[in-house]
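# Descriptive analysis of the structure
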Amino acid sequence: MHTEEIEKFIDSKTSADTKVKIDFKKRDAIYGLFVKDKDYDDLKSKNLWRIVPKSQFEEYSRSNNMGLAKIFNGVDFSRLTVYKEKEVV
């Protein structure tokens, strides 16, 4: 995907804590959270995105540790969708 497509999705369909399903062209999908850090604009200009994977959601929500995030290349994305966890009653 192009930077503009990803940025439009982030700006229009997500907030600071919106979880997203990221489908890739050549690998399995992941669930993650786009995060904006000091280098967000620099990474965005290179179509790179800092994403906290689902396995780190709980720790990230407690600590806001950017070290838990991974950087992905937007060129490898095929589709982005908002992910809503099912509530267990």
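An account of the accompanying structure is given in this report. Residue indices begin from 1 for each chain and proceed along its sequence in written order. Thresholds applied to this predicted model are a pLDDT of at least 70 for local features of residues and 80 or more for the giving and counting of side-chain atom pairs; totals over whole chains, interfaces and linings are not thresholded and use all residues. Water and hydrogen atoms were dropped before computing side-chain values, which therefore reflect all heavy atoms in the structure.

## Brief notes about the overall build of the chain
A run of H or I in DSSP becomes a helix once it reaches four residues, and a run of E becomes a strand once it reaches two; helices and strands are each numbered from the N terminus. Per the secondary structure count, the chain includes three helices and five strands. Reading the helices (α) and strands (β) of the chain from amino to carboxyl end gives α-β-β-α-β-α-β-β. Put simply, the radius of gyration uses C-alpha atoms, and a globule should come to 2.2 Å times the residue count raised to 0.38. Against the globule reference of 12 Å for 89 residues, the chain gives a C-alpha radius of gyration of 13 Å, in line with a compact fold. Along the three orthogonal principal directions, the C-alpha set of the chain runs to about 40 × 25 × 25 Å.

## Regarding the environment of I10
Along the chain, the position of I10 falls in helix α1 (residues 3-13). Relative accessibility under 20% of the residue-type maximum defines a buried residue, over 50% an exposed one, and the middle range a partly exposed one, all with a 1.4 Å probe and only protein chains included. Residue classification places I10 among the buried residues on the basis of a relative accessible area of 5%. Between the C-alpha atom of I10 and that of S45, which follows or precedes it by 35 residues, the distance is 15 Å. What makes two residues a contact is simply this: any of their non-hydrogen atoms within 4.5 Å. Leaving out residues up to four positions away in the same chain, I10 has contacts with F34, K36, Y40 and W49.

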